[in-house]
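Structural description and commentary
These are the residues of each chain, in order.
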Amino acid sequence: MSATIALACLLLVGEQSTKADPADLAQRIDERLQVRFDSEQVLPAERAADDEFLRRLSLDLIGRIPTPKEVQSFLADSSIAKRELLIDQLLGSKKHACHFARVWRALLMPESEVEPQLRYFEPGLEAWLQERRQDNVGFDGIVRELLTVPIVGPNEQPQVVLRDLRRPNPLAFIAAKNADPAKIASASTRLFLGLRLECAQCHNHPFDNWSQEQFWNQAAFFAGIERRGRGPFAPLVEVTTRRTIALMDSDQIVSPAFLDQSQPRPTDNGPARAELARWITAPENPYFARAITNRVWSQLFGTGIVEPVDDIRDSNAPSHPELLRELSESFAAADFDVALIYRALCRTAAYQRTSRQSDPSQSRAELFAKMPVRPLSGEQFFDSLALAVAYESTADRSPGEPERDPVRQAVLGLFAGASGGGNPQTSVAQALALMNGDVTDGAIRPKSGARLQQIINEFPESSERQIEVLYLSTLSRLPTQEETQTLIDFNGLGDKTSRQQNMGDIFWMLLNSAEFCWNH
Amino acid sequence: MVGINKAMRNFGLNQLTRRRWLQATSGSVAGAWLGGWFGSLASAMADSERSKRSCILLWMNGGPSQTDTFDMKLGHEHGGPFRSIATRAAGIQVCEHLPGIAQWTDRLAIIRSMSTKEGDHGRARDNLRTGYVPQASIQFPVLGSLISKESLGQAGDLPNYVSINSRGLFNPGMPPAGFLGPDYAPLLVGQDTDGNENGQRLAVENLALPKSVSTEQARARLELLHRMERKFLDARPGPAADGHRTAYAKAARMMSHEAAKAFQLDDEPKESRDAYGSSQFGQGCLLSRRLVERGVPFVEVSLGGWDTHDDNFRQVQNLCGALDMGWSALMQDLQQRGLLDSTLVVWMGEFGRTPAINPRLGRDHFPKAWSVVLGGGPISGGQIVGRTSADGTNVEERPVSTPDLLATICVALGIDPEKQNMSNVDRPIRLVDPLASPLLDIIS
């Protein structure tokens with residue numbers, strides 16, 4: 001670690017008053033981006049209109065599109081600072097904590113997407129994350145608690161990993177990794193340090209500085225953890241005195257050592273992982289702040305300043321090194337207050353640009369000259385779809401079971417793997433589901449579709465108003481004049497019954513459109 | 001064009017009017033975009049296409065134990081409790097729990113000297129499935145996508161690459177077709193959202209129109225969609241927009257009667273279904289035959305559960321039950337239909353398992369010396385490639401790398417492994433690393 005960074009961080013930590021103002025930070029971000037625009041002759045896209053901004057911000061901060069009412073009142077609001085106010089309001093909401101919890105649950109426990117029984121851990125892990133976010137616990141605190149979660153109990157009475165489904169449960173992280181020291185270590189270094197060490201698990205990696213031994217040094221911090229029995233629900237014990245681990249397929253035994261080559265100082269009786277947790281989250285550790293800010297950046301901009309976000313290394317340079325450094329330092333100086341980063345990023349001109357490309361120079365994603373189109377996660381899509389069609393789940397929800405709404409499960413399956421990053425990839429299966437699936441088909445019939453029923457009852461004589469509400473419900477905007485005209489013509493064909501069917505087809509078209517299915 | 005004529009007769013004036021209105025106001029662009037929706041399969045399935053080769057990949061997710069299947073170490077402490085049995089090919093023995101496949105060894109080449117470097121599931125899977133060591137910046141396409149591209153148009157309205165029971169096989173957030181783009185992405189079949197494998201119907205979900213929707217109505221609203229979202233997509237050019245349009249066009253084409261029929265396993269006679277076994281894997285093998293029969297060049301059927309760190313022997317015996325029945329029925333069926341000579345069948349996972357048995361009666365990850373089986377197609381069967389040491393821990397003869405294996409598969413399919421594709425990092429990348437030396441001596 002460079003001495004200058006360490007010094008800078010120590011100075012910042014000493015003075016709470018240096019906590020950055022989000023507006024200043026936003027301005028500095030835009031200035032840094034502008035330098036590149038100038039040097040690369042990039043013409044950035046124009047500012048997004050209010051409706052585009054509102055939809056994007058809602059998806060990013062609370063995980064769903066806005067309601068028609070929210071759209072209308074935001075559009076009608078004439079105050080100058082309404083965007084900043086909305087950012088603060090959403091960030092302070094319970095819905096944000098809930099969305100934050102889902103996003104990080106998926107990152108901490110990606111295994112549950114593949115192993116269905118791990119879904120029993122989801123509510124508890126989410127509940128824990130949500131509580132911490134609501135209490136505005138610094139990100140360092142969240143990670144420390146996660147990595148030092150107590151595993152107590154003698155051998156005869158090992159630590160139960162899942163007692164009550166909805167009780168906040170950070171142990172899920174360890175249980176989902178099969179209590180395997182190597183898996184816990186590789187997930188932790190990826191997520192919290194932005195480093196891919198697991199490549200060195202079997203052999204020294206030719207492109208990185210990390211050695212095989214260093215990977216196992218990290219695993220050694222978790223060497224004391226053991227599972228009593230098989231499967232993810234098996235209880236755990238921890239032998240805190242065990243501080244060594246054997247390299248895979250080898251007789252070599254290694255001890256815990258930090259990645260900067262320094263040695264941990266064992267404390268009385270405490271598990272070695274507590275020392276790792278402290279080292280990872282120390283304000284002077286440059287990796288931690290950088291990894292988290294870079295990840296939040298990629299969640300909001302589709303591409304990290306370092307991309308892939310968990311592969312920070314010399315041979316994979318950040319697109320804007322100064323910017324990343326400045327942001328990370330501000331994050332550390334603000335006691336890892338993740339809300340500050342959200343607040344600052346959402347206020348930037350960069351975040352508030354339209355996704356409409358007006359110049360070819362905007363096509364380079366790593367320059368952030370326009371908002372890229374981004375995929376919705378399964379949860380974002382389901383919640384948005386449910387809102388658009390006014391879907392009410394009829395599934396039983398017994399408190400001892402995880403969420404089992406069949407429609408939701410189907411949507412999550414279809415969108416598995418999609419997250420904030422990368423391009424949206426419409427799959428044939430997704431297209432088929434939205435074209436022919438039960439949800440769409442139910443929604444677009446006046447008999448079964450709550451939303452359609454509602455608009456037909458409310459505006460029986462005006463297809464123009466019906467179309468307007470459909471647009472507000474799905475695309476979170478009003479139709480353009482041209483769109484209205486085309487669709488009124490389309491709708492006007494045939495008798496009353498076929499006009500209702502036509503309106504259903506218009507709804508079908510909106511639900512299938514890329515504009516509805518993407519974050520943009 | 002039978003479908004359309006029939007549709008025209010059946011539908012009322014309103015739908016027709018709506019359709020005419022669309023045509024009148026948007027020109028023929030949408031119509032052209034929909035292309036051969038309904039009825040192009042027959043022409044694409046002309047007999048001349050039949051000469052093309054197909055590949056069925058039986059993917060053993062988790063890494064199957066070579067010591068308990070195709071490279072047994074009888075009498076050694078690593079051997080475990082299973083016995084071996086003689087097979088149709090003289091001198092080749094396999095595990096007693098593979099009696100069906102033992103009858104096909106004269107059409108199989110067993111490679112016992114796979115030697116690879118990745119011991120982590122994700123990285124090994126990427127390595128074996130793409131042929132390259134995973135790198136952060138390059139999105140390597142999987143083998144199915146590569147073959148899919150080389151066999152363009154072979155399968156008419158059916159996709160070129162179908163992946164069956166593949167839940168969890170593809171990395172979250174990483175497109176399987178990599179830099180080749182969504183055109184070459186697999187169609188996934190049998191993805192039950194709860195991840196259950198047994199008793200689920202293998203089907204392409206939502207392939208059929210809802211009952212009350214006529215073909216004409218379906219077509220009209222697709223045209224409406226195409227027309228109304230054009231402006232949005234045009235203003236956001238790139239792979240996402242292209243992929244969105246392609247996915248809808250493909251979905252619409254697959255809905256055609258002929259294409260959809262390929263997936264209806266109910267059409268198979270009962271004895272044919274029973275021969276494959278009732279497992280999801282067995283039924284997947286049956287579906288793979290139906291698809292290959294219709295010209296689909298690459299089908300993979302996945303069988304998971306091979307990550308047997310605990311209780312290896314009981315688990316392997318169970319897995320072998322489903323595997324043996326499905327695989328041997330597939331060989332039999334392909335031969336009966338005259339498809340075995342043109343269909344390469346590959347059995348592989350991401351690595352093997354330690355010859356040493358751990359204290360939990362399990363075997364752990366082992367990329368150093370393991371087995372893969374190639375069969376059918378131009379493979380000259382009854383052969384063993386390579387040899388491992390008596391304790392199974394080392395390859396003693398003809399080590400085979402990942403590129404060697406993938407190049408062999410390409411050559412067996414009549415595809416030049418050195419052909420190049422343009423990648424996402426703006427430099428051409430060969431189908432398989434040119435350092436590969438394919439096992440030409442097992443290809444006739």
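Residues numbered from 1 in each chain as written. Chains lettered and ligands numbered in written order. Predicted model: local features only at pLDDT ≥ 70, side-chain atom pairs only at ≥ 80, totals over all residues. Heavy atoms only, no water.

1. Some thoughts on the overall build of chain A
Within chain A, the regular secondary structure consists of 24 helices and six strands. Computed over its C-alpha atoms, the radius of gyration of chain A comes to 25 Å, within 12% of the 24 Å expected for a compact globule of 520 residues. Its C-alpha atoms give chain A principal-axis dimensions of about 80 × 55 × 40 Å. Per-residue burial for chain A yields a buried fraction of 57% across its 520 residues. (Helix = DSSP H or I, 4+ residues; strand = E, 2+ residues; numbered from the N terminus. Rg over C-alpha atoms; globule rule 2.2 N^0.38 Å. Buried < 20%, exposed > 50% of the residue type's maximum accessible area, 1.4 Å probe, protein only.)

2. Regarding the interface of chain A and chain B
Taken together, the contact between chain A and chain B spans 65 residues of the former and 61 residues of the latter. Contact between chain A and chain B buries roughly 5200 Å² in total, counting both sides, with carbon and sulfur atoms accounting for 62%. One can count two salt bridges joining chain A with chain B. The interface formed by chain A and chain B holds ten residue pairs in polar contact (both at pLDDT 80 or more) in total. Residue assignment for the side of chain A that touches chain B shows that the elements contributing at least two residues are helix 17 (406–414), helix 18 (428–436), helix 22 (481–491), helix 23 (496–512) and helix 24 (514–517) of chain A. Per-element accounting of the side of chain A that touches chain B gives the leading share, eight residues, to helix 23 of chain A. When the residues that make up the side of chain A that touches chain B are grouped by side-chain class, the tally is 25 nonpolar, 23 polar and 17 charged. (Contact = heavy atoms within 4.5 Å. Buried area = accessible area lost by both parts, 1.4 Å probe. Salt bridge = Lys/Arg side-chain N within 4 Å of Asp/Glu carboxyl O. Polar contact = N/O pair within 3.5 Å; in protein donor to acceptor, adjacent residues only side chain to side chain. Nonpolar A, V, L, I, M, F, W, Y, C, P; charged D, E, K, R; others polar.)

3. Here's the deal with the confidence of the model for chain B
All names here are of chain B. Per-chain confidence: chain B averages 85 in pLDDT, with 83% of residues scoring 70 or above. Here residues 27–50 scores under 50 on pLDDT; set against residues more than four positions off or in separate chains, the count is 48 contacts. Low pLDDT, under 50, characterises residues 192–199; the stretch is placed with 16 contacts to residues that sit more than four places away or in other chains. Scoring the predicted complex yields pTM 0.79 and, for the interface, ipTM 0.91. (pLDDT = per-residue confidence, 0-100.)

4. Some details on the sheet that holds strand 6 (residues 187–189) of chain B
All names here are of chain B. Spatially, 6-5-7-1-8-11-4-12 is the arrangement adopted by the eight strands of the open sheet, whose pairing is mixed. Every other strand in the sheet has two partners, leaving strand 6 and strand 12 (383–385) as the edge strands with one partner each. Averaged over all pairs of adjacent strands, the angle between strand axes in this sheet comes to 20 degrees, irrespective of strand direction. Two elements, strand 8 (residues 343–349) and strand 11 (residues 370–376), share four bridges in a ladder whose sense is antiparallel. Each residue of the ladder has a partner; that of V345, found in strand 11, is G375. (Pairing = 2+ DSSP bridges. Axes fitted to C-alpha atoms, helices over the stretch in contact; angles between N-to-C directions.)

5. Observations concerning the packing of aromatic side chains
All names here are of chain A. According to the stated counting rule, one finds 25 aromatic pairs over all chains in the structure shown. Ring geometry for F221 and F258: centres 5.3 Å apart, planes at 15 degrees, overall stacked. Within this pair, whereas F221 is found in the loop between helix 11 (212–220) and strand 1 (225–227), its partner F258 is found in the loop between strand 4 (253–254) and helix 12 (272–280), the two being separated by 37 residues in sequence. Of the residues examined, F221 reaches a relative accessible area of 2% and is grouped as buried. (Phe/Tyr/Trp six-rings, centres within 6.5 Å; stacked < 30°, edge-to-face > 60°.)

6. Some points on the packing of helix 10 (residues 181–193) of chain A against helix 11 of chain A
Packed helices, taken two at a time, are described by the angle their axes make and the gap between the axes. All names here are of chain A. At a minimum axis distance of 8 Å, the contact between helix 10 and helix 11 shows a crossing angle of 105 degrees. Taken together, the axes of helix 10 and helix 11 are roughly perpendicular relative to one another. Contacts from P181, A182, A185, S186 and T189 of helix 10 reach helix 11 at F215, W216, Q218 and A219. Its residues assigned to classes, the contact of helix 10 with helix 11 shows six nonpolar, three polar and no charged. (Parallel < 35°, antiparallel > 145°, perpendicular 65-115°, else oblique.)

7. Some points on the packing of helix 6 (residues 121–130) of chain B against helix 15 (residues 402–412) of chain B
Residues and elements named next belong to chain B. Contact pair helix 6 / helix 15: the axes reach a minimum separation of 8 Å and the direction vectors enclose 35 degrees. Along its contact with helix 6, which presents N127, L128, R129 and T130, the element helix 15 presents T402, L405 and L406. Of the residues assigned to the contact of helix 6 with helix 15, the class counts are three nonpolar, three polar and one charged.

8. A short note on the environment of I151 of chain A
Residue and element names in this part refer to chain A. Note on placement: I151 falls in the loop between helix 8 (139–148) and helix 9 (172–176). C-alpha of I151 to C-alpha of F415: the two residues are 264 residues apart in sequence and 35 Å apart in space. In contact with I151, other than residues within four places in its own chain, are Q159, L171, I174, I225, L236, V237, E238 and R273.

9. Observations regarding the state of the cysteines
Residue and element names in this part refer to chain B. All chains considered together, the criterion is met by zero disulfides over all chains. Distance from the sulfur of C55, which forms no disulfide, to the nearest cysteine sulfur (C410) is 9.3 Å. Note on C55: relative accessible area 1%, which makes it buried. (Disulfide = S-S within 2.5 Å.)

10. Brief notes about the pattern of salt bridges
Taken as a whole, this structure holds 63 salt bridges over all chains when the rule is applied. Among the salt bridges present, the one from E131 of chain A reaches R132 of chain A, with a minimum N-O distance of 3.2 Å. Relative accessible area serves as the criterion here: at 34%, E131 of chain A is assigned to the partly exposed category. In this structure, D310 of chain B engages R360 of chain B in a salt bridge whose closest nitrogen and oxygen atoms are separated by 2.7 Å. Here D310 of chain B is found in the loop between strand 7 (298–303) and helix 14 (312–336), whereas its partner R360 of chain B is found in the loop between strand 9 (352–353) and strand 10 (365–366), with 50 residues between them in sequence. Accessibility expressed as a relative area gives 16% for D310 of chain B, which makes it buried. Through salt bridges with shared partners, a single network forms among D267, E268, R289, R290, E293, R294, D333 and R337 of chain B.

11. A short note on the side chain of E326 of chain A
Residues and elements named next belong to chain A. Position of E326 relative to the elements: it lies in helix 14 (residues 321–333). For E326, a relative accessible area of 13% translates into the label buried. A polar atom in the side chain of E326 sits 2.7 Å from the side chain of R32.

12. As for the pairing of strand 7 of chain B
Residues and elements named next belong to chain B. Most of strand 7 sits inside the fold, with six of its six residues counted as buried. Covered by surrounding structure in strand 7 are F298, E300 and S302 together with V299, V301 and L303, the residues of both alternating faces. Here strand 1 (residues 54–60) runs beside strand 7; their pairing, made up of six bridges, is parallel. Counted as the bridge partner of L57 is E300 from strand 7. Summarising the sheet, strand 5 (residues 161–164) and strand 7 pair through four bridges and their orientation is parallel. Across the sheet, I164 pairs through a bridge with V301, a residue of strand 7.

13. Observations regarding unusual backbone geometry
Residues and elements named next belong to chain A. Cis rather than trans, the peptide bond between E307 and P308 has omega equal to -5 degrees. By secondary structure assignment, the location of P308 is in the loop between helix 13 (286–301) and helix 14. Positive phi is not limited to glycine here, since F336 has a value of about 55 degrees. Note that F336 resides in the loop between helix 14 and helix 15 (338–347). Positive phi, close to 55 degrees, is recorded for S476, a residue that is not glycine. Counting through the fold element by element, S476 comes out in the loop between helix 21 (463–474) and helix 22. Using a relative accessible area of 1% as the deciding quantity, one classes S476 as buried.

14. Focus on the environment of R132 of chain A
Residues and elements named next belong to chain A. Checked against the element boundaries, R132 lands in helix 7 (residues 122–134). Assessed through its relative accessible area of 16%, R132 is described here as buried. A C-alpha to C-alpha distance of 27 Å links R132 and I312, two positions 180 residues apart in sequence. With sequence-adjacent residues up to four places away left out, R132 is seen in contact with V137, I142 and E145. At 3.2 Å, the side chain of R132 forms a polar contact with the side chain of E131. One polar contact links R132 to E145, side chain to side chain, over a distance of 2.6 Å.

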